[in-house]
Amino acid sequence: MGPHPAVAAIRLAVRRVLHDLLTEHHRAPAAVPHALSHEPPPLVLVACSGGADSMALASALAFEAPKLGVRAGGVTVDHGLQPGSDLRAAEVVQRLRELGLDPVDSVAVTVGRAGGPEAAARDARYAALDTVAERHGAAAVLLGHTRDDQAETVLLGLARGSGIRSLSGMAAVSGADGRYRRPFLGLDRQTARKACMVQSLPVWDDPHNADPAYTRSRLRHEGLPALEKALGKGVIEALARTARLSRDDADALDSWAAQAETTVRDAAGLLECAKLYALPPAVRRRVLRRAVVAAGAPAGSLFARHIEEVDRLITGWRGQGAINLPGKVVARRQGGRLVIRQG
């Protein structure tokens, strides 16, 4: 008798990611003993909060990694936002070790305020995960984001009005050198919880996930249920599908913009306004964004309204003055050229 369907689903998702990693790192076939190969076995870490999604991911990694000749470890991040968070982090470390993961790290971080509490916690968390991954030389860090998380991300992007890239949600592979992998983007949250239940894995439900003070929590408990009531079941799957399709489109437009950028500069490397004007708006705005970021504007502080203002120097030129952008970058039109530089 095979494993429960939920357990089989999470294991298959992790197995596929591990196979991809082995292929990318030009590993010897799994059947070949490491003693006969020339490369050390890669290390894959799971980021685990102790919640159902990440505990299910940790259990699947612990099961699949040894079969493929991959070392498996874990890391939990203590955000210090709730009383007793250090004790819960210690419990997660113990659970990961009981699954057979090694090494297992716990990292305490200080959460700032930039961008709001959710964004600040996320920034602190990823910084900690990057540090641990680099210290151990990990090939990848697995994250437990599910299809439900993807649907929420798409809706949040839609609410911000940030364009197609925002609607593309979370990538299955992201970070420096593809460090972060999300095996569960095709699985729903209930599958992960069911997998924990049938394996008798204890899980911790973060009270912040039910706190209406947080935007994502309100969306999860009020927004999405309202949409399903109004539109019927299948909203989450449709939103996740929207993310996949939007990502394909956004990637294609980004590639087009990268190629177009080389054709709209003069011999001195300045952007020619007439050539920019001839580009489709979606491509032109991407070229402008690339140029602004290259001049020193922080990508995370650069919003659609900034690029729209720069775009008006091309499409609505009336002799207007320079545009001040994040990072002390200034964009101005001079002699039919667009000059973008700091200061």
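Definitions and limits used
- Residues numbered from 1 in each chain as written.
- Predicted model: local features only at pLDDT ≥ 70, side-chain atom pairs only at ≥ 80, totals over all residues.
- Heavy atoms only, no water.
- Phe/Tyr/Trp six-rings, centres within 6.5 Å; stacked < 30°, edge-to-face > 60°.
- Lys NZ or Arg CZ within 6 Å of the ring centre and 35° of its normal.
- Pairing = 2+ DSSP bridges.
- Helix = DSSP H or I, 4+ residues; strand = E, 2+ residues; numbered from the N terminus.
- Contact = heavy atoms within 4.5 Å.
- Axes fitted to C-alpha atoms, helices over the stretch in contact; angles between N-to-C directions.
- Core = buried A, V, L, I, M, F, W, Y, C linked by side-chain atoms within 4.5 Å.
- Buried < 20%, exposed > 50% of the residue type's maximum accessible area, 1.4 Å probe, protein only.
- Expected span 1.5 Å × (residues − 1).
- Disulfide = S-S within 2.5 Å.
- Right-handed = clockwise from strand over helix to strand, strands pointing away.
- Parallel < 35°, antiparallel > 145°, perpendicular 65-115°, else oblique.
- Nonpolar A, V, L, I, M, F, W, Y, C, P; charged D, E, K, R; others polar.

**Q** Could you clarify how one ought to interpret the packing of aromatic side chains in this entry?
**A** The geometry of an aromatic ring pair is captured by two quantities: the separation of the ring centres and the angle between the planes. Under the criterion given, the structure shown has one aromatic pair. Positioned above the aromatic ring of F63 is the side chain of R11, whose terminal nitrogen or guanidinium carbon lies 3.5 Å from the ring centre.

**Q** What should I look at first to understand the sheet that holds strand β6 (residues 180-181) in this one?
**A** Through backbone hydrogen bonds, the strands of a sheet pair up, either in parallel or in antiparallel fashion. Strands sit in the order β3-β2-β1-β4-β6-β5 across an open sheet of six strands; the sheet is mixed. Unpaired on one side and paired on the other, β3 (104-108) and β5 (173-174) mark the two borders of the sheet. Relative to strand β4 (residues 140-142), strand β1 (residues 43-47) is paired through three bridges, and the arrangement is parallel. Counterpart to V44 in the pairing with β4 is A140. Contacts from helix α2 (residues 52-64) reach β1, β2 (71-78) and β4 within the one sheet, and its direction differs from that of β1 by about 160 degrees.

**Q** It is not clear to me how the nonpolar core should be interpreted in this structure. Could you clarify?
**A** It is characteristic of soluble globular proteins that their nonpolar side chains tend to be buried jointly. By size, the foremost hydrophobic cluster in this structure holds 37 residues, and its most contacted members are V14, L18, L61, L101 and F184. Those elements that place two or more of their residues in this core are α1 (5-24), β1, α2, α3 (85-98), β4 and α7 (189-198). Among the elements that take part in this core, α1 stands out by supplying nine residues, more than any other. L101 has contacts with V46, A58, A62, A72, G73, G74 and L96, leaving out every residue within four places of it along the chain. Core analysis: the second largest hydrophobic core is formed by 26 residues, V264, V287, L313 and I314 among them.

**Q** What's the story with the pairing of strand β9 (residues 329-334) in this structure? I'm lost.
**A** Moving residue by residue along a regular strand, the side chains alternate between the two faces of the sheet. Here strand β8 (residues 323-325) pairs with β9 via three bridges, running antiparallel. Across the sheet, residue L325 finds its bridge partner in β9, namely V329. Between the end of β8 and the start of β9, which pair antiparallel, lie three residues, with G327 showing a positive phi angle near 75 degrees. Across six bridges, β9 lies against strand β10 (residues 337-342) in antiparallel orientation. Residue pairing for β10: R332 is matched across the bridge by V339. As consecutive antiparallel partners, β9 and β10 are separated by two residues, and within that stretch G335 has a phi angle of approximately 55 degrees, a positive value.

**Q** Help me understand helix α5 (residues 147-160), please; the structure alone is not making it clear to me.
**A** Since there are 3.6 residues in each turn of an α-helix, residues three or four apart along the chain are aligned in direction. Across its 14 residues, α5 extends 20 Å between first and last C-alpha, which sits within 8% of the 20 Å expected from 1.5 Å per residue. Taking burial as the measure, the 14 residues of α5 include 11 buried ones, the bulk of the element. Taken as a whole, α5 has its buried residues at R147, D148, D149, Q150, A151, E152, T153, V154, L155, L156 and G157. Elements in contact with the buried residues of α5: α2, α6 (164-167), α7, α8 (215-231) and α9 (235-261).

**Q** So what exactly am I meant to see when it comes to the side chain of E64 here?
**A** Checked against the element boundaries, E64 lands in helix α2. Classification of E64 as buried rests on a relative accessible area of 1%.

**Q** Could you clarify how one ought to interpret the state of the cysteines in this entry?
**A** Two cysteines joined by a covalent bond between their sulfur atoms form a disulfide. The full count for this structure, using the stated rule, is zero disulfides. In this structure C196 is not part of a disulfide, and its nearest cysteine sulfur, from C48, lies 8.7 Å away. Among the residues examined, C196 registers a relative accessible area of 2% and is labelled buried.

**Q** Just to check I follow, could you spell out the pairing of β2 for this structure?
**A** The buried count for β2 comes to seven of eight residues, which makes it a mostly enclosed element. In the sheet, β1 pairs with β2 via five bridges, with the strands oriented parallel. What sits directly across from L45, in β2, is G73. After leaving β2, the chain enters α3 and then returns to the sheet as β3, a path that is right-handed.

**Q** For this particular structure, what's the right way to read the environment of Q259?
**A** Tracing the sequence through the fold places Q259 in helix α9. With 188 residues separating them in the primary sequence, Q259 and R71 have C-alpha atoms 40 Å apart.

**Q** Help me understand the packing of α8 against α9, please; the structure alone is not making it clear to me.
**A** How two helices sit against one another is set out by the angle between their axes and by the gap between those axes. Here α8 crosses α9 at 105 degrees, and the two axes come no closer than 9 Å. As far as their axial angle goes, α9 and α8 are roughly perpendicular. Each of L224, L227, E228 and L231 in α8 lies in contact with α9, whose residues at this interface are V235, I236 and L239. Considered class by class, the residues forming the contact of α8 with α9 number six nonpolar, no polar and one charged.

**Q** Mind showing me how you'd approach unusual backbone geometry here?
**A** When glycine is set aside, most residues are seen to have a negative phi, and most peptide bonds are trans. Cis peptide bonds are those with omega within 30 degrees of zero, and the linkage from D102 to P103 qualifies with 5 degrees. Of note in the backbone geometry, D177 takes a positive phi value of approximately 55 degrees without being a glycine. With respect to the element layout, D177 can be found in the loop between β5 and β6. The backbone phi angle of K328 is positive, close to 60 degrees, even though this residue is not glycine. If you trace the backbone, K328 turns up in the loop between β8 and β9.

Function cannot be inferred from these measures alone, as they are strictly geometric.
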